[in-house]
Amino acid sequence: MSRRNTVLRTQLRAATRRPARLLLMGLAMIIAAFVVFGTVLAEEIAERTVLSSLSGTPEAADVVIGAGMESDATTRALDAARRVPGVAEAVGRVDVYAEIDGQPGTGISLLADPGTGPLATVRVLRGGYPDAPGEIAVSERTADRLDLPVGATVRVSTGVAEQPVTLTVTGVLAVPDDTDGLAYSRDSEVSRLAGHDSLMQVEVRFASDADPDAVRAALDRALVGTGEGSGTPLLSSGEEARFAEAEAVSERVRDLFAVIAMFVATAVVAATLVATSTFRIVFAQRMRQLALLRAVGADRSHLFRALAAEGALTGLVAGATGVLAAAGVGYALPLVLRGLGREVATPGRPVGAAVAVVLGTVLVAVLAVTAPAITAARVAPLEALRTASTTAAQGGINRLRAAVGILGVVGAASMFLAVLRQLPGPGSDGHDPTRLLLLIVASGTLAYGALVALGPVLVRPVLATVGWPLRRLGPVGRLAVGGVGGAPRRAAAVSVVVALGVTLIAGALVGSASLSALSKRELAGMAPGDLQVTASPDGNGLLPGGFVERVRAEQNLTTVVPYRGVSGVTVAGGQVEEMIAADLDLRQLSTWEDFGAVSGSLDDLGPGRVVLLSYYAEAVGVRPGETLTLTRGGRAVELRLAATLDNTPVDAGVLLHPTDLDRLGVPAQPTGLLADLVTDGEDDRTAALKTLRTLGAGGVTVQVLADVREDVGGDLTQIFGVMLALLGLTVIVSVVGVGTTTALSVVERIRESGLLRAVGMSRNRLRAMLTVEAGLYGLLGAVIGLGLALPYAWLTMAALGGNVPVEFPAGRLALVVLVLAAATALAGLLPARRAARVSPVAALGEGD
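Model, not experiment: these values are computed from the prediction.

*Asks:* What is the right way to look at the overall build of the protein chain in this model?
*Replies:* The number of helices and strands found in the protein chain is 28 helices and 24 strands. For the protein chain, long-range pairs separated by at least 24 residues make up 81% of all intrachain contacts whose partners lie at least 6 apart in sequence.

Okay, here's the thing in structure tokens:
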């Protein structure tokens, strides 16, 4: 027992005497702990921020009547609540859509809100809040786009009254989520316009001096028989209502962070691999010390326990450091953001999570140190007295490791081929990719496991390829390639971690490029231009005479593309409903490059050849190159199918050449047009909207399609940005691993560096050689990572189905390789400078 304690104290004392080295050994784990606890705080910040900004029930509401999707609140319940003693305020929530008279397709959503007081969700910017029947207040965007300033009047129809109702705008509001066409008024006025007494819910605020229990009991009695069908509406506390909303919102936040947790787990795996490599190198450097301990009586079990305890201490220090750093950032960042005008909540105090992260880091450290400690403890005293570089430069793998690697390759290949055989064909309906995606994940995991097992064997052939240009640069390049290849285990240990990060980054880039292409394709059908103008349904269905020419003369509009659209077209012999046919020329649109055919080629669209919505093509059973007959009224036209689209523009089911539309008896005058803005901004969109309405003189309906493109495209960009940032955590850990490995290998190879200096190598050349070695670790990992990422990314996109196009962004992938090689080279720069400063005499004497 005494000898075991002596060995343990010796190792721990040596570790605590060199805290800088302790932190260097645990640097990857510090980053992992920082990321994990930072994610915990980020989830709390996100959840609290979302709840405070998007909660439908104000904090001031003490109780809520009829909360939930199946509300049974009514105006009778609202009136009853207002009469209860101790109730300071009661507000009913209800909405109704009202179409603007004379502008078919254009309307406003009218919502109930008190406008002032603790239960208000809006704020008056200009004018005042409605206080009488026939009055409304509108949001800023609504005021601009519908030209409804304070004092303006608008006639609307809600479908209740036979005649339109005139409403007067009394104010302009700041609203939580300003979309086009929002207006507000008192609950009594909105209920009157809606024509019914149903409410979404009633929010009740108690007087400050009231007894909450007594008021709630009085409400229970007053609400009897005031609900739907003379029932009694459900009464819940404000906290219960907000909790229900919180559950819905929190579920979305938790779903997002569940995905984030996958990436965090990957970073932890990378940190474990880096830590294992670091411990192996450190223990290899200390073989002589370990030999002395063995020589004075320490057995293998004593050494193993001491080294494992050192690893646990490293994990404890690393975990505490990472958690404290994350806490500092997590609590400081909301303060900074609030100072910049952003409403961001402060996280709570998740002490349990902090302790769990520290203990988890200790566990990761123990797992990482186990294999290196076992190896170090097995070394016989005489073998351990050799130089560290001799031990560290061992290469090759044993039979068990080779067998595990081969089995991983066979398993990964078998699953890959199984998925390949089950890929969905074009237009597969109801395809569920879950099973295929799980198989891909399993295959990728086996492939990465095989890479870890066979890494030392794979390093040299890959290095022979990527290192060929460096060898031709002279002695520095040859020595750098030789230094990496001379220690294949060390090179493999670092490179596979880099490969993991590159695999995930490259896969995400391919996925984002492919899904972006799909999004652009769908947006091209939904929003082929910035603005769409259609003829008013109240007229003859045609654009006013000279309207297209007047639009083309406008300086702030460009790419004006008129088209004709006609309904009532069917495919002869097909069991499909009537559809709209249009002669829109896709080639003239600015979004032409974004369109992508599901089958066939859009370039073939022309006289006698049509593009059909894929749904109709499948229903009819026609494929590109085959003929179909379109009918309208008593006319029939035989045409050849050129291509199919998943999402055709302007609501058309079929796109034809103008001459073919003429053959169906369609008038020559356009029914609509698409146009783009010269400069795109909120003011530009509003100005163009007003201009087009003026030019149309009440005979047109205008839609701002740029809003749709901005909303959908912006959300997708943010999602991909977050995903790439999270995957970057793995790369950061990888780069730290390269820097740590280079720093420790510099110490390990101090005699080699001294020998090179002694035979004439300058400090600059030695520094350059070691820096190039560090860059080679990144380059090796990048090449191996791309070799894994590209086939699996392609397979994943193909397994999703839905005609997802597979895009390989070659420029961005090449940039990843270059940036990673440069980052790992920079990570090795400081250790290289340290090695170059050591004198040859001192270096050659090291270890004697």
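*Asks:* Could you clarify how one ought to interpret the pairing of strand S24 (residues 700-704) in this entry?
*Replies:* Regular strands show a simple pattern: their side chains alternate between the two faces of the sheet. Counting buried residues along S24, four of its five residues qualify, which places the element largely inside the surrounding structure. As judged from the five bridges shared by strand S14 (residues 531-535) and S24, these two strands associate in the antiparallel manner. Across the sheet, Thr534 pairs through a bridge with Thr701, a residue of S24.

*Asks:* Looking at this structure, how should I read the sheet that holds strand S1 (residues 63-65)?
*Replies:* Working definition: the strands of a sheet are paired by backbone hydrogen bonds and lie parallel or antiparallel to each other. One open sheet accounts for four strands, arranged S3-S12-S1-S13; its pairing is antiparallel. Two strands close off the open sheet at either side, each with one partner strand: strand S3 (87-93) and strand S13 (235-237). Strand after strand, the sheet turns through a mean of 25° between neighbouring axes, direction not considered. The sheet contact formed by S1 and S13 spans three bridges and is antiparallel.

*Asks:* I keep staring at a nonpolar patch on the surface and nothing clicks. Help me out?
*Replies:* Nonpolar side chains collect at one region of the surface, where Phe34, Val329, Leu333, Val336 and Leu340 lie side by side and expose about 450 Å² of accessible area between them. Ranked by residues supplied to the nonpolar patch, first place goes to helix H10 (residues 300-339) with three residues. Along the chain, Leu340 turns up in the loop between H10 and helix H11 (351-378). Residue classification places Leu340 among the exposed residues on the basis of a relative accessible area of 66%.

*Asks:* Would you mind going over the pairing of strand S10 (residues 182-185) with me for this structure?
*Replies:* Residues of S10 alternate between two faces, with Leu182 and Tyr184 on one and Ala183 and Ser185 on the opposite face, all of them buried. As defined by bridge partners, strand S5 (residues 107-112) adjoins S10 across four bridges and the pair is classed as parallel. In the sheet register, Leu111 faces S10, and the bridge partner there is Tyr184. Pairing analysis gives two bridges linking strand S7 (residues 135-139) to S10, with the strands arranged antiparallel. In the sheet register, Ala137 faces S10, and the bridge partner there is Tyr184.

*Asks:* How should I be thinking about a positive patch on the surface in this particular structure?
*Replies:* On the surface, Arg763, Arg833, Arg834 and Arg837 cluster together to form a positively charged patch. Among the elements that make up the positive patch, the one with the highest residue count is helix H27 (residues 829-837) (three residues). Tracing the backbone shows Arg837 in helix H27.

*Asks:* How should I be thinking about the sheet that holds strand S23 (residues 672-677) in this particular structure?
*Replies:* Judged by pairing direction, the sheet is antiparallel, and its four strands sit side by side in the order S15-S23-S14-S24 without closing on themselves. The open sheet is flanked by strand S15 (557-563) and S24, the only strands paired with a single partner. For this sheet, the mean inter-axis angle between neighbouring strands, taken without regard to orientation, is 20°. Taken together, the five bridges between S15 and S23 define a ladder with antiparallel strand orientation. Directly across from Val561, in S23, lies its bridge partner Leu674. Taken strand by strand, helix H22 (residues 682-696) contacts S14, S15, S23 and S24, and its axis lies near 170° from that of S24.

*Asks:* Before we go on, may I ask you to explain the packing of helix H15 (residues 434-466) against helix H18 (residues 488-526) in this structure?
*Replies:* For the pair H15 and H18, the least separation of the axes is 8 Å and the interaxial angle reads 135°. Comparing their axes, H18 and H15 come out oblique. Crossing hand, H15 versus H18: right-handed. Touching Tyr448, Leu451, Val452, Gly455, Pro456, Val459 and Arg460 of H15 are Pro488, Arg489, Ala491, Ala492, Val496, Val497, Ala499 and Leu500, all from H18. When the residues that make up the contact of H15 with H18 are grouped by side-chain class, the tally is 12 nonpolar, one polar and two charged.

*Asks:* What am I meant to see in the pattern of salt bridges here?
*Replies:* Between side chains of opposite charge, a pair can form as their charged atoms come close. All told, the structure shown has 18 salt bridges when counted by the stated rule. We note a salt bridge from Arg93 to Glu203, for which the minimum N-O separation is 3.0 Å. With Arg93 in strand S3 and Glu203 in strand S12 (residues 201-206), this residue pair connects regions lying 110 residues apart in the sequence. Residue classification places Arg93 among the buried positions, given a relative accessible area of 9%.

*Asks:* It is not clear to me how the environment of Pro58 should be interpreted in this structure. Could you clarify?
*Replies:* Within the secondary structure layout, Pro58 lies in the loop between helix H3 (27-54) and S1. Overall, Pro58 belongs to the buried group, its relative accessible area being 11%. Put simply, Pro58 and Leu119 are 61 residues apart on the chain and 5.8 Å apart in space, counted from C-alpha to C-alpha. Leave out the neighbours within four places in its chain, and Pro58 touches Arg93, Pro118, Leu119, Thr121, Glu203 and Arg242.

*Asks:* In this structure, what is going on with unusual backbone geometry? I would like to understand it.
*Replies:* In most cases, non-glycine residues show a negative phi, while peptide bonds are predominantly trans. You will see that Thr559, though not glycine, has its phi angle at about 50°, which is positive. By secondary structure assignment, the location of Thr559 is in strand S15. For Thr559, a relative accessible area of 26% puts it in the partly exposed group. In this model, Asp651 sits at a positive phi of 60°, which is unusual for a non-glycine residue. Tracing the sequence through the fold places Asp651 in the loop between strand S21 (635-645) and strand S22 (654-655).

*Asks:* What am I meant to see in the nonpolar core here?
*Replies:* By size, the foremost hydrophobic cluster in this structure holds 40 residues, and its most contacted members are Ile65, Ile136, Val202, Val204 and Leu219. Setting aside residues no more than four positions away along its own chain, Ile136 makes contact with Ile108, Leu110, Pro130, Val154, Leu167, Thr168, Val169, Thr170, Gly171, Ala183, Tyr184 and Ser185.

*Asks:* Got a minute to help me understand helix H6 (residues 187-194) in this structure?
*Replies:* An α-helical turn contains 3.6 residues, so a residue and the one three or four places further along point in the same direction. With six of eight residues buried, H6 is to be regarded as a mostly interior element. Those residues of H6 not exposed but buried are Asp187, Glu189, Val190, Ser191, Leu193 and Ala194. Looking one or two residues past H6, Gly195 carries a phi angle of roughly 80°, positive in sign.

*Asks:* Just to check I follow, could you spell out the side chain of Thr570 for this structure?
*Replies:* With respect to the helices, strands and loops of the structure, Thr570 is situated in strand S16 (residues 565-571). Only 2.6 Å separates the side chain of Thr570 from the side chain of Thr631, close enough to count as a polar contact. Excluding its chain neighbours within four sequence positions, the residues that come into contact with Thr570 are Glu578, Thr629, Leu630 and Thr631.

*Asks:* Which parts of the structure should I look at to understand helix H14 (residues 399-421)?
*Replies:* The terminal C-alpha atoms of H14, which comprises 23 residues, lie 33 Å apart, in line with the 33 Å expected from a rise of 1.5 Å per residue. Turning to H14, its buried residues are Gly405, Gly408, Gly411, Ala412, Phe416, Ala418 and Val419. Buried residues in H14 make contact with H15 and helix H25 (763-800).

*Asks:* Help me out: how do you make sense of the packing of H10 against H11 in this one?
*Replies:* Each packed pair of helices is defined by two parameters, the angle between the axes and the distance between the axes. Where H10 meets H11, the axes come as close as 7 Å, and the angle between the chain directions of the two elements is 150°. The angle between H10 and H11 falls in the class roughly antiparallel. Between H10 and H11 lies a crossing whose hand is right-handed. Across the contact of H10 with H11, the residue classes tally to 20 nonpolar, five polar and two charged.

*Asks:* Mind showing me how you'd approach the confidence of the model for the protein chain here?
*Replies:* Detailed conclusions should not be drawn from predicted coordinates in areas where pLDDT is low. Per-residue confidence for the protein chain gives a mean pLDDT of 80; residues scoring 70 or more make up 79%. Counting interchain partners and residues more than four positions distant, the pLDDT-below-50 stretch residues 387-393 has 13 contacts.

*Asks:* I'm lost on the environment of Val150 in this one. Help?
*Replies:* Note on placement: Val150 falls in the loop between helix H5 (140-145) and strand S8 (153-157). In the structure, Val150 is positioned 24 residues away from Arg126 in sequence and 7.5 Å away in space, judged by C-alpha atoms. The contacts of Val150, once residues within four sequence positions are left out, are Arg126, Gly127, Val169, Thr170, Gly171 and Val172.

*Asks:* In this structure, what is going on with the environment of Leu509? I would like to understand it.
*Replies:* As for its position among the elements, Leu509 is in helix H18. The exposure class assigned to Leu509 is buried, which follows from its relative accessible area of 7%.

What counts, and at which threshold
- Residues numbered from 1 in each chain as written.
- Predicted model: local features only at pLDDT ≥ 70, side-chain atom pairs only at ≥ 80, totals over all residues.
- Heavy atoms only, no water.
- Helix = DSSP H or I, 4+ residues; strand = E, 2+ residues; numbered from the N terminus.
- Contact = heavy atoms within 4.5 Å.
- Buried < 20%, exposed > 50% of the residue type's maximum accessible area, 1.4 Å probe, protein only.
- Pairing = 2+ DSSP bridges.
- Axes fitted to C-alpha atoms, helices over the stretch in contact; angles between N-to-C directions.
- Patch = residues over 30% accessible without salt bridge, like charges linked within 9 Å, V, L, I, M, F, W, Y side chains within 5 Å.
- Areas by Shrake-Rupley, 256 points an atom, 1.4 Å probe, with all protein chains shown as cover.
- Salt bridge = Lys/Arg side-chain N within 4 Å of Asp/Glu carboxyl O.
- Lys, Arg positive; Asp, Glu negative; His and termini not counted.
- Charge placed at Lys NZ, Arg CZ, Asp CG, Glu CD.
- Parallel < 35°, antiparallel > 145°, perpendicular 65-115°, else oblique.
- Left-handed = near helix turned anticlockwise from the far one by under 90°.
- Nonpolar A, V, L, I, M, F, W, Y, C, P; charged D, E, K, R; others polar.
- Core = buried A, V, L, I, M, F, W, Y, C linked by side-chain atoms within 4.5 Å.
- Polar contact = N/O pair within 3.5 Å; in protein donor to acceptor, adjacent residues only side chain to side chain.
- Expected span 1.5 Å × (residues − 1).
- pLDDT = per-residue confidence, 0-100.

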